[in-house]
Structure formats: C-alpha cells, structure tokens
Amino acid sequence: MQPMKDAVLILIVLAAGVVLWRPVTEGSFLTDDYQIIRAVNQRVDLSEGWSWRNLGRMSRFYVGPNWKGWDLARPSVPFSFACQLLSTGTRPAPFLWTNVVVHLLNGALLFFLLRTWVPALHPWAVALGTLAAIGSPLNSEPVAWSAARSDLLSTFFGLTGLLVWMRGKRWRWIGLGAVALALTAKESALVYLALLPLLSFTHPETLASSHRRRTRWTAVLAPVLLLAAYLVWRRRLVGGLGEAQYARQSLGDYLTPSELIPRWAISAWRAIAPVSDLHVSWPEPARWIVGALVVTTLVSGWRAASWRVRIPATFLLIAPFLMSTAVNEITPVLLHSRSCYASLAGLAVFTAIALSKGPKWLRGVAVISILAMLPLAYRGAGVFRQASQRVEHTLESFREPLRTEPGRRLGGFVVLGGLHDRYMGDSFGLGGSFTIAMQPPFMEKPLFVVWTSTSEDLAKIAGVPTDGTGFFAVRPSPRGEEGRLVCPGRFAFDPGRRLDRVAPDLGAVLRLDSEALSTAGLPFRWWAVGFDDCRFRLGLVSPQTSLMEVDLPSEAVRSERSPEGTTHSFRIPPAVVKANAPAATGRHALGWYVKAIAPDGRVVGCTGLQLFFLAN
C-alpha cells in the first residue's frame, strides 16, 4: 500500500512542477546556449544524422584534450546537446522541454532519496519538502537556460549515485559510477563524491550487508580513488581546474575590486531570499519575507534532525554554494541561482524534517513558505521566457531581410550601436552570442556580423567593400532593444538593373565649425543601369540609430546618360546634414546612404553606407 501512496504523492508533486515551469518552454535560447550548440555543430556533422562516425566524434568529448574548448570542459553537456541536435535540430522547444523533464526527474529522485535516507518521515512531509526544492524560484535559471544543463545533469547523476549507494554494499559500485558521470557534467559534483564516505559513517544502517569498521573504510577508499582518477582526467581535458576561473578574467575588464566586492556580497546575501530576476538588485520586500520564512523552516528542520542526518544534509546544503564561490562561478553577472541548484536537495531534507518532526506551530510556517515560493517560481519562469523572446525578436529582425529581399545577396550585417546586455541584466558577451547565432547550424550559410558603437570602429567600415552587407540600427523600444534595417547594402535587388560601383569608396568628410559647414555637399557618383525611372531617397545614420530618411530634391541629383548606362551624381544638401547633426556633433560618426525607389514603391537598389564625420 505504501508504494502506491508514494507514487500518488510524487505524481502530484511532478504535476505541480509541470505547471510551474511550463512557461519556459514557450521561450527560446539565451546567450551561452548558442555557443555550446555551435561548438557541438563544429564537431558533429548534423547532415549525417545518427551515424557511427558521429557517435565516434561524440565519444571524443570525453577523452580530450580540449585545451581551448572551455565549452567542452563538461563533456556530458555537449554530448546531450549533440543527441538533441541529431534528434530535433535547433528548435529551442525540445531543448527547454528536456531541461524541464530532467528537473522533474531530479525531484522524483529526491523524493525517493528522502524516503530511503530518513524513512521515519511522514510521506506528505517528504512530498512537500520535494516540492520546496523543485518549486524554488532559484531554479529559474537552471531550468530556463539550456546552457545550465550542466547543473541538471550533475544533480541527476549525483542523486542517483547517492540513492543507489544507500542501498548497500552490492550496489556501491553502481552508485560510484553514477557519481563519476555527475563529474563529467559539472565539477561541483565533487560534493556527491564527498557525501559517499560521509553517509557510510553517519548512516551505517544503509550498508546493511556489513557494519564492520573495515567495510566502512573500504567505502572511503573507492571514492578517494575516483577523485584521483577524476583530477588526472580533468587536467588532461582542460589543462587544470584553475581554468574554470574564467569569470574573474572577464570581470576584471569591467569592474574594479572596490566595485566587485559589494556586488559579490549582495549576490551571496540574496541566497537567503528566493530570486527570479535576471539582474543583480535588492529583492522586493515580499521576497525578503518569503526568504525569512524559508530560513525559519531550515533552522527548525536543522534543530529537529538527528546528528546522523544533520551533518551530511548541512554539507549538501552549503558545500555546492561555497565550492562554486571558490572556482568563481558565482559572479554578479551570472547570479547565484545555478550554484544553489544542488543545494536545494539539502533544503528538501530540512524542510521535510521540519514538517514531520519540528514544533507544531512552525510546521504552518514551513507550509506557508512553500506556498509563497511557488508564485515567485512561476514569475521567474515568465521572466526568462520574456528575456529569451526579446533575444529571438532581435535575431528575427536580422533574419527577415534574408528571406524577403529579392536579391538574396545579403551576406552579413554591420550593427550600428552595440546591443546592450539588458536581456540578461549585467551579463556580458551578448553581442558575441548573437554573432554565433547567425552562423550554422542556426543559419543555412555563414553570415558575418560586425558590432560597432564607436566612431573609430565605424570609420574602419568605410575602408572595406560593403557589397552584400546590411547596415542595421539598434534602438530601445518597449520590447527591449529593437533593430531595423537601415540600408540593405550596396547592390541592386532587381535582376533587370545593374549597380556597378559607387565613389568615393572611402567616404566623404564633413567638418562642422561652430555654425557653418566648412566642407559641405561633397558629391559622390553612382554608375548604374536601369534606374532612370527611380526616385532617390537619402538616409542619415549614427552608430545608435537612423536619424532620418528624406527624398532628395531634384537639384541634388544630376544624371548623365551614356551608351553604357547612366551616371547619377548626388550632392548631399548641407541644410539636411546641419538639421540632423547637433545631437551627434563631436561625439559620433555619421553616415549616409541613398536608396533607389521604383515607381511602385519598391526599393530596387542602394548605395551602401558612405561615411562622413562631424567634429568641433
């Protein structure tokens, strides 16, 4: 009868988990997701499908050495990504559903681990403790971010190892193997490795086959040998554990120690209160209240626990967080919630004990804390869904010209105004992730993306051909950063028209001296065929946005016919430049382009971007 009751309870808990985390499956990829998928795509030929050659390539994730591939330092993660790509392609929904399923499986393992570890607990208390773990808002990042699968997989194999290990001596080697797999997903799985001998001494009744001291010391030796093997393998794989401290190197470029220390303190302190936002800031008062309830529940469970449970459970609660701090994976930009994922098993232990053995008046506090966390978790899932949708919205703005322009010659984008990292709070590297997202396997063919938000970088673009390049302006909008195509490169869309070349290729120079333009209206020429019936439209851009578009007056365009075609000479009206220049004077480079508009309103050609500069 008891197994049936346990099955019903765990089904109720898992159903609640599906409701809580379903919003993330409606989102898309986020930042590092693109990097890992691209790294896997570079090593696995997706066109071959499930071939023996691909399986051989996937096996090499585990043998290394991958000295330059930090994204392969946890080989079970790219292995799972490779399986996903070969099965479902690059659609984000299957990746996110996999995260949700693994998270819920972790909840089921946690339930049965608690039933084995502390069998005297009431089943309902175990179910609510499990719900506290899988329903915590701290799960928002691990569940909603595909790149966080390292936490999900290491926890899955780690909890499996602990559960099997506690079945007794005959199962010990299987449990050790499961923990070994956890180590291939994330180095913080060392916590589970340390728990194996700790459980052997604090919970000897689980080793029912023998209680002799010698047997327990043997249970210590096996994890020690696995630790030695892991360190040797890990050093061969990535060249040493010290390389995991990549965050410190990146942050040093942005924050001084005096700025970094208080941000670290805030990030660590927020572990007390459930978190669902994407950026580091003080939690809302409601979260502090919920956090206080959670801490009260933890203290109640800790006091009511026996020392045999208290010692390993405290280690499981605290060690993952402290270990992640040591390797610098808790940063003000990546939050601490991923580092807390393994710690939530300790939360489940003490919550279940508080509900079953704690003071009666505190059991109500524990129930309230669990119920209060669930809406925060649902909100956290929604926040990540919105963030990923904003990322996808911007990427779709890039992809749209590739599908709609008849010329189909667009091969890259120059982004005027770097994308701010508001998608992920203070997270760095979003521009790089977008660049990767515009390459295979996300696109059919490679596409170059150049990000520029300074006058110097924009000036460099003037010295290279812009054929097949789309100039893209990014500006804030209610939906986040919004982009639009400023000019679709220097080419003709219509096959019946021919655009040969534009001069000057290196741009023109305008200087603004106080109130007058000292050098104004520098002409440039467009050698073309088939544009005689078109009107021409001038556009001015800055690194941040498009300033304006205006039809050129007839006096600004001079056309000279010849047997080879027509040469159009344009003279940018100084008044147009002057009227739109003050906001950027002395601070940003500006540029212009000219579009050819057919009588039916279609854009049939574009000059590309010609640069000039404003300076005091």
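Here the structure is a predicted model, which means the values were calculated and not measured.

1. Quick word on the overall build of the chain
Working step 1: A count of helices and strands for the chain gives 20 helices and 15 strands.
Working step 2: Residues classed as buried in the chain amount to 56% of the 616 residues present.
Working step 3: Across the chain, every contact between residues at least 6 apart in sequence was considered, and the portion connecting residues at least 24 apart equals 74%.
Working step 4: Summed over its atoms, the accessible surface of the chain is roughly 26500 Å², and 62% of this surface lies on carbon and sulfur atoms.

2. Details of unusual backbone geometry
Working step 1: Omega for the peptide link from Pro440 to Pro441 comes to 10 degrees, which places this bond in the cis form.
Working step 2: As for its placement among the helices and strands, Pro441 is situated in the loop between α18 (430-437) and β2 (448-452).

3. Topic: a nonpolar patch on the surface
Working step 1: Residues Met4, Val8, Ile12 and Trp124 make up a contiguous nonpolar surface patch of roughly 410 Å² in combined accessible area.
Working step 2: No other element matches the three residues that helix α1 (residues 2-21) contributes to the nonpolar patch.
Working step 3: Residue class for Val8 comes out partly exposed when judged on its relative accessible area of 43%.

4. Comments concerning the packing of helix α6 (residues 123-134) against helix α16 (residues 344-357)
Working step 1: Between α6 and α16, whose axes approach to 8 Å, the crossing angle comes to 145 degrees. For α6 against α16, the interelement crossing comes out right-handed. On the side of α6, the interface is formed by Ala125, Val126, Leu128, Gly129, Thr130, Ala132 and Ala133, while α16 contributes Leu344, Leu347, Ala348, Thr351, Ala352, Leu355 and Ser356.
Working step 2: In the contact of α6 with α16, the residues fall into ten nonpolar, four polar and no charged.

5. With respect to the pairing of strand β1 (residues 412-416)
Working step 1: Burial runs high along β1: five of the five residues are buried.
Working step 2: Judged by which residues are buried, β1 turns out to be covered on both faces: Gly412, Val414 and Leu416 on one side and Phe413 and Val415 on the other are all buried.
Working step 3: Relative to β2, β1 runs parallel, the two being bridged by five bridges. Residue pairing for β2: Val415 is matched across the bridge by Trp451.

6. Things to note about the confidence of the model for the chain
Working step 1: Across the chain, pLDDT averages 77, with 70% of residues at or above 70.
Working step 2: When the criterion is pLDDT under 50, residues 504-521 qualifies, and its contacts beyond four places in sequence or with other chains add up to 43 contacts.

7. Re the environment of Thr116
Working step 1: Residue placement: Thr116 occurs in helix α5 (residues 92-117).
Working step 2: Classification of Thr116 by relative accessible area gives partly exposed; the value is 31%.
Working step 3: Remark: the alpha-carbon pair of Thr116 and Met166, spanning 50 residues in sequence, is separated by 7.6 Å.
Working step 4: Beyond its immediate sequence surroundings of up to four residues, Thr116 is in contact with Leu163, Met166 and His203.

8. Describing the side chain of Asp6
Working step 1: Residue position: Asp6 is located in helix α1.
Working step 2: When residues no more than four places from it in sequence are discounted, the contact partners of Asp6 are Phe111, Arg115 and Pro123.

9. Points about the nonpolar core
In a soluble, globular protein the nonpolar side chains are often hidden away together inside.
Working step 1: Core analysis: the biggest nonpolar cluster contains 115 residues, and Trp21, Tyr34, Trp117, Tyr192, Leu193, Phe413 and Met438 have the highest contact counts within it.
Working step 2: Once residues within four sequence positions are removed from consideration, Tyr34 is found in contact with Ser28, Phe29, Val391, Glu392, Leu395, Ser433, Ile436, Ala437 and Phe442.
Working step 3: In terms of nonpolar packing, the next biggest core, distinct from the first, is built from 17 residues, Phe531, Phe570, Val594 and Val604 among them.

10. A word on the pattern of salt bridges
Working step 1: Overall, the coordinates contain twelve salt bridges when judged by the stated rule.
Working step 2: Across the pair Arg537 and Asp551 runs a salt bridge whose closest N-O atoms are separated by 2.9 Å. On the criterion of sequence distance, the pair formed by Arg537 in strand β9 (residues 535-541) and Asp551 in strand β10 (residues 546-551) is long-range, its members being 14 residues apart.
Working step 3: A relative accessible area of 23% places Arg537 in the partly exposed class.

11. Details of helix α4 (residues 76-88)
Working step 1: Taking 1.5 Å of rise per residue, 13 residues should cover 18 Å, and α4 covers 18 Å from first to last C-alpha, within 8% of that figure.
Working step 2: For α4, the complete set of buried residues consists of Ser76, Val77, Pro78, Ser80, Phe81, Ala82, Gln84, Leu85 and Leu86.
Working step 3: Each element contacted by the buried residues of α4 is listed here: α2 (32-43), α3 (52-59), α5, α8 (149-165) and α9 (172-185).
Working step 4: Of the residues flanking the end of α4, it is Gly89, one or two places downstream, whose phi is positive at about 75 degrees.

About the cut-offs
Residues numbered from 1 in each chain as written. Predicted model: local features only at pLDDT ≥ 70, side-chain atom pairs only at ≥ 80, totals over all residues. Heavy atoms only, no water. Helix = DSSP H or I, 4+ residues; strand = E, 2+ residues; numbered from the N terminus. Buried < 20%, exposed > 50% of the residue type's maximum accessible area, 1.4 Å probe, protein only. Contact = heavy atoms within 4.5 Å. Areas by Shrake-Rupley, 256 points an atom, 1.4 Å probe, with all protein chains shown as cover. Patch = residues over 30% accessible without salt bridge, like charges linked within 9 Å, V, L, I, M, F, W, Y side chains within 5 Å. Salt bridge = Lys/Arg side-chain N within 4 Å of Asp/Glu carboxyl O. Axes fitted to C-alpha atoms, helices over the stretch in contact; angles between N-to-C directions. Left-handed = near helix turned anticlockwise from the far one by under 90°. Nonpolar A, V, L, I, M, F, W, Y, C, P; charged D, E, K, R; others polar. Pairing = 2+ DSSP bridges. pLDDT = per-residue confidence, 0-100. Core = buried A, V, L, I, M, F, W, Y, C linked by side-chain atoms within 4.5 Å. Expected span 1.5 Å × (residues − 1).

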